[in-house]
Amino acid sequence: MDTLQAPSLHPNLARFLSGSPKKMWLGGKWVESSQGKKFKTYNPATGEVLAEVYEATPTDVNLAVKAAQETFEKGSWPKLNSAEKAKILWKIADLIEKNIDELSQLETLNNGKVLREARYADLPMVIENFRYFAGWTTKISGETFPTTTPYAPKAQAFTYTVREPVGVVAAIVPWNFPLQMAAWKLAPALACGNVVLLKPAEQTPLSTLRLGELMEEAGLPPGTVQILPGGPDTGKALASHPHVDKISFTGSTEVGKEIVKMSAGNLKRVSLELGGKSPHIILADADLDTAIKSAYMGAFYNQGQCCCAGSRVFVEKKVFEAVTEKLVERAKKVRLGPGLDPNTQMGPLVSEEQRNRVEGYIQSGKKEGAKLLCGGDRPSQFKGYFMNPTVFVDVKDEMHIAQEEIFGPVATVLPFDSLEEVIQRANATPYGLAAGVWTKDIKKAFKVTQALRAGIVWINTFNCADPTFPWGGFKQSGWNRETGHEAIRLYTETKAVWVDLN
Ligand code: NAD
């Protein structure tokens, strides 16, 4: 096998990382934490510290919310002509594109993901999200209504609606797709004229801080976006703040429920993109080679750290042995390594804590009687947070590994006999984010799709997303949809106006 050359680190990265401790972006300025509080952020491929970052304390959150309120009331962004807003959002996209190599390397260094995936999947999605919502700025409009006034039939009125920004939006994002998750919130929230307080995950704050520099360069008016690095305490200060109008949260279902409670104080608008335990269903008549590749990617893409991960692979009994064997063969052949190495097919998990969590699930699977066909352990040659891709069979639907989100490279493969059976079992978790079905029979594909309680269903593919495509889940996978035109509803309020014409 030829060994490809690892790319040399982008020169801008050295500049960016040498500026450690990294400052937060508050009220249009790059500042230290009010109490000088800092935290370390790591390279998960080596376990080494990449940079220190100032942590936004509750005092900083208060300052930022105050600045956001002022910007919303008196600043230029909410009132800016929609075409001018579009130009700035488009310019942000252009600057991200211009700096794509640097940003993808930074994403890989801080999150661990494979550079090819950061460069050719995450970053293009980030760019196109800004462009898609730049297009929306000039198309956010209301409606008119043929008023009936049944209590005064002769009354004359003209009624219409306008969609206005919600106000101060706090966006809390996870670490698995740091820039993408930020862009999914920033682009529509800004397109609708809001001001945004963005809290990146404590594990991966760096690419978002660099994005802040690019937003500044693009001419986004000062204070329109503020970036507040920190962990749960920063998130709690935002979610419970009486002057934050909306929380847009992506993360675990457990924290999502806490966010709902914390938002109750001032009845914030809340949107939630939460966890999943997606079924990936392979029928015997499917193009099996392609379905197996897809099942592999569905379960192990981004080290299995995907909300939509197809971690429950249901395979029709007739082809169960053959599919499982090939899936395990692929998993055993995967080349693990640092994400920056072009030969790497799977990088490390994001943190030691995440690896411990995943290993806890592997132990629980073994203890409950599931059979491990491969993986379940750490590769010995690396210092970072690596895990071998893991496949379990002899799994009962009620086991923890079949019910709970593992968020790591662990697949359970489950045989089934009939469509009715697999539909019932596929739906039998508290989650309902995504699902996949593989078959050449269009009627079967539709039957399964209609019956699945999931926000996203892929037919003969898996893991596809697009800026135009609504993303979100049924049941405990969340509330509302991000991306696509449904996102406009998340960041606007409807104002209904009645004009008396009598
Ligand atoms: P997490 O819930 O632990 O953290 C998410 C964010 O919330 C982080 O920024 C964190 O600092 C913050 N946070 C943590 N505790 C908080 C609290 N009590 N109050 C306020 N903020 C708090 O999730 P994670 O481990 O970072 O990410 C993995 C989870 O995200 C998985 O469950 C995954 O399925 C989910 N996710 C969902 C989607 C989706 O679109 N549905 C996309 C990506 C990730």
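Below, the structure is looked at part by part. Not measured: the values here are computed from a predicted model. (Residues numbered from 1 in each chain as written. Predicted model: local features only at pLDDT ≥ 70, side-chain atom pairs only at ≥ 80, totals over all residues. Heavy atoms only, no water.)

**A word on the pairing of strand 6 (residues 157-165)**
Where strand 5 (residues 144-145) and strand 6 come together, 2 bridges link them in antiparallel fashion. What sits directly across from F145, in strand 6, is T159. Bridge analysis of strand 6 against strand 22 (residues 492-500) gives 9 bridges, and the strand direction is antiparallel. Paired with T159 across the strands is W498, a residue of strand 22. (Pairing = 2+ DSSP bridges. Helix = DSSP H or I, 4+ residues; strand = E, 2+ residues; numbered from the N terminus.)

**A word on the site of the ligand**
Near the ligand lie 29 residues; those nearest to it are V173, E202, S252, L274 and E405. The contact in question runs from an oxygen atom of the ligand to an N or O atom on the side chain of E202, over 2.7 Å. For the ligand, an oxygen atom lies 3.1 Å from a polar atom in the side chain of W471. When the ligand is considered free in solution it has 840 Å² of accessible area, and contact with the protein chains removes 92% of it. If you map the ligand onto the pockets, it falls in the largest pocket. (Near = heavy atom within 4 Å. Polar contact = N/O pair within 3.5 Å; in protein donor to acceptor, adjacent residues only side chain to side chain. Areas by Shrake-Rupley, 256 points an atom, 1.4 Å probe, with all protein chains shown as cover. 1 Å grid on protein atoms, 1.4 Å probe; cavity = no way out; pocket = protein on both sides within 12 Å on 5 of 7 lines; lining within 4 Å. Sits in = over half its atoms within 2 Å of the grid points.)

**Some details on the sheet that holds strand 18 (residues 434-438)**
Strand order in this open sheet of 7 strands is 14-15-16-13-12-18-19, and the pairing throughout is mixed. Because the sheet does not close on itself, it has two edges, and the strands there are strand 14 (371-374) and strand 19 (456-459). Between one strand and the next, the sheet's axes are offset by a mean angle of 25 degrees, whatever the strand orientation. Relative to strand 16 (residues 410-416), strand 13 (residues 312-316) is paired through 5 bridges, and the arrangement is parallel. Looking across to strand 16, one finds that F314 is bridged to L414. Across the face of the sheet, helix 14 (residues 419-426) comes into contact with strand 12 (279-282), strand 13 and strand 16 while running at roughly 145 degrees to strand 16. (Axes fitted to C-alpha atoms, helices over the stretch in contact; angles between N-to-C directions. Contact = heavy atoms within 4.5 Å.)

**Brief notes about the sheet that holds strand 5**
As summarised here, the arrangement of the 3 strands in space is 5-6-22, forming an open sheet in which the pairing is antiparallel. Edge positions in the sheet fall to strand 5 and strand 22, since each has one partner strand and no second.

**Observations regarding empty space enclosed by the protein**
Within the structure shown, the criterion is met by 3 cavities of 30 Å³ or more. Of the volumes computed, that of the largest cavity is approximately 80 Å³. If you go around the largest cavity, you meet 16 residues; those closest to its centre are P279, A426, Y431, G432 and R453. Of all the elements in the fold, those that place two or more residues in the lining of the largest cavity are strand 17 (431-432) and strand 18. Along the lines of polarity and charge, the residues of the lining of the largest cavity split into 8 nonpolar, 4 polar and 4 charged. (Points joined across faces, edges and corners; volume = space filled by probe spheres on them. Nonpolar A, V, L, I, M, F, W, Y, C, P; charged D, E, K, R; others polar.)

**A look at the pattern of salt bridges**
For the structure shown, the criterion picks out 26 salt bridges. We note a salt bridge from K66 to E70, for which the minimum N-O separation is 3.8 Å. With K66 and E70 both in helix 2 (residues 58-74), this residue pair falls 4 residues apart, about one helical turn. Between E352 and R378 there is a salt bridge, and its shortest N-O distance comes to 3.5 Å. On the criterion of sequence distance, the pair formed by E352 in helix 12 (residues 352-367) and R378 in the loop between strand 14 and strand 15 (390-393) is long-range, its members being 26 residues apart. Among the residues examined, E352 registers a relative accessible area of 31% and is labelled partly exposed. When salt bridges with common partners are traced through the structure, they connect R15, E102, R210 and E213 into a single cluster. (Salt bridge = Lys/Arg side-chain N within 4 Å of Asp/Glu carboxyl O. Buried < 20%, exposed > 50% of the residue type's maximum accessible area, 1.4 Å probe, protein only.)

**Observations regarding the packing of aromatic side chains**
Evaluation of the coordinates by the stated rule reveals 9 aromatic pairs. A centroid spacing of 5.3 Å and a plane angle of 10 degrees characterise the contact between W25 and W30, whose relative ring orientation is stacked. Under the relative-accessibility criterion, W30 is labelled partly exposed at 26%. Ring pairs connect the aromatic residues W184, W458, F462 and W471, which therefore count as one cluster. Between R131 and the ring centre of W90, over which it is positioned, the NZ or CZ distance is 5.2 Å. (Phe/Tyr/Trp six-rings, centres within 6.5 Å; stacked < 30°, edge-to-face > 60°. Lys NZ or Arg CZ within 6 Å of the ring centre and 35° of its normal.)

**Side note on the nonpolar core**
Where a protein is soluble and globular, its nonpolar side chains tend to be buried together. Counting 70 residues, the largest nonpolar core has I92, I96, F130, L186, M215 and V225 as the members making the most contacts within it. Among the elements that line this core, the one with the most residues is helix 6 (residues 178-191), at 10 residues. Not counting chain neighbours up to four residues away, the residues in contact with L186 comprise F130, V196, L198, L211, M215 and V225. (Core = buried A, V, L, I, M, F, W, Y, C linked by side-chain atoms within 4.5 Å.)

**Observations regarding a nonpolar patch on the surface**
On the surface, F158, V499 and L501 cluster together to form a nonpolar patch covering roughly 240 Å² of accessible area. In this fold, V499 is placed in strand 22. V499 gets classed as partly exposed once you look at its relative accessible area, which sits at 30%. (Patch = residues over 30% accessible without salt bridge, like charges linked within 9 Å, V, L, I, M, F, W, Y side chains within 5 Å.)

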